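If you want the building blocks of each chain, they are given just below.
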Amino acid sequence: MAPQYAFGPHEDDVIIKHRLLTRTTTTRGEPPLKKLQKKFMSFALDVEKDADNYSDCERLYKGLLQEMTTFELPLLKTKAVIDANLREKENFNELQEEIRSQESKIERQHKEECEAIRRMVSLQQPRSETQKIISDLEKEIAALEAENTAGSRTLELRKKQFSLLLHVVDELQNTIEEEQKSLAEELRLAMEEHKNSLEDASGGSEAMAVD
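Residues numbered from 1 in each chain as written. Predicted model: local features only at pLDDT ≥ 70, side-chain atom pairs only at ≥ 80, totals over all residues. Heavy atoms only, no water.

## Structural notes on the packing of helix 2 (residues 32-48) against helix 3 (residues 54-122)
Where helix 2 meets helix 3, the closest approach of the two axes is 9 Å, and the angle between their N-to-C directions is 160°. Taken together, the axis directions place helix 2 and helix 3 in an arrangement best described as roughly antiparallel. Crossing of helix 2 against helix 3: the hand is left-handed. Contacts from P32, L33, K35, L36, K39, F40, S42, F43, D46 and V47 of helix 2 reach helix 3 at D56, C57, L60, Y61, G63, L64, E67, M68 and F71. In the contact of helix 2 with helix 3, the residues fall into 12 nonpolar, two polar and five charged. (Axes fitted to C-alpha atoms, helices over the stretch in contact; angles between N-to-C directions. Helix = DSSP H or I, 4+ residues; strand = E, 2+ residues; numbered from the N terminus. Parallel < 35°, antiparallel > 145°, perpendicular 65-115°, else oblique. Left-handed = near helix turned anticlockwise from the far one by under 90°. Contact = heavy atoms within 4.5 Å. Nonpolar A, V, L, I, M, F, W, Y, C, P; charged D, E, K, R; others polar.)

This is the structure we're talking about:
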């Protein structure tokens, strides 16, 4: 009986990609940016109240700072991973060039060996006396060709795997940059709104004092 899985291969890829982009460890976890937004909105709403709630505001402010620190740490770690992957990409490109050069060298060497073997075969005595030698040489040629084919397939597989990794890293870096820009813009707008509210409240108080 075939094993049963909760998710198929396609669904697994989607879930893993989503976790990388949102930095959540489970499919039910709340994204860190959402938690930070809730903390900020709670603080902003409490600040706008007219009640004497300085202690609550201070508590919410400390909670917001803590959440921002918690949100920043994965970003720093992710940036370090991205930097490391970029360095690895450069190393991979250098290694790839070296592998290509080595492959060309090995291919030329194999061709020279095959040609030498063929010339040797052509110079042998009558076929009835050298059949075993010819058979052994043909097996050696086939083994060299198979070795060259296997090496090419392995290199192609490594190229595809690394290309997929680089694609995910690029998407992750773009998402982090967009989140940082969005968070900065939200914080700036909230602070401007709070400042305007304070200025409006101050203007109302001055008008009452003049009356």
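## Points about the pattern of salt bridges
Side-chain pairs of opposite charge can arise where the charged atoms are in close proximity. With the rule as written, the count across this model stands at seven salt bridges. We note a salt bridge from K62 to E58, for which the minimum N-O separation is 3.5 Å. Taken together, the positions of K62 and E58, both in helix 3 and four residues apart, correspond to about one turn of that helix. When its relative accessible area of 52% is taken as the criterion, K62 is described as exposed. For the salt bridge of R119 with E115, the shortest nitrogen-to-oxygen distance reads 3.9 Å. With R119 and E115 both in helix 3, this residue pair falls four residues apart, about one helical turn. Relative accessible area serves as the criterion here: at 46%, R119 is assigned to the partly exposed category. (Salt bridge = Lys/Arg side-chain N within 4 Å of Asp/Glu carboxyl O. Buried < 20%, exposed > 50% of the residue type's maximum accessible area, 1.4 Å probe, protein only.)

## Description of the nonpolar core
If you look at the biggest cluster of nonpolar residues, it comprises 13 residues, and the most contacted ones within it are L36, L64, F71 and I176. Of all elements in the fold, only helix 2, helix 3 and helix 4 (127-210) reach the threshold of two or more residues within this core. (Core = buried A, V, L, I, M, F, W, Y, C linked by side-chain atoms within 4.5 Å.)

## Side note on the confidence of the model for the chain
When the pLDDT values of the chain are averaged, the result is 77; 78% of them are 70 or greater. Within the chain, helix 1 (residues 9-22) has the poorest average pLDDT of any element, 61, and helix 3 the best, 84. (pLDDT = per-residue confidence, 0-100.)

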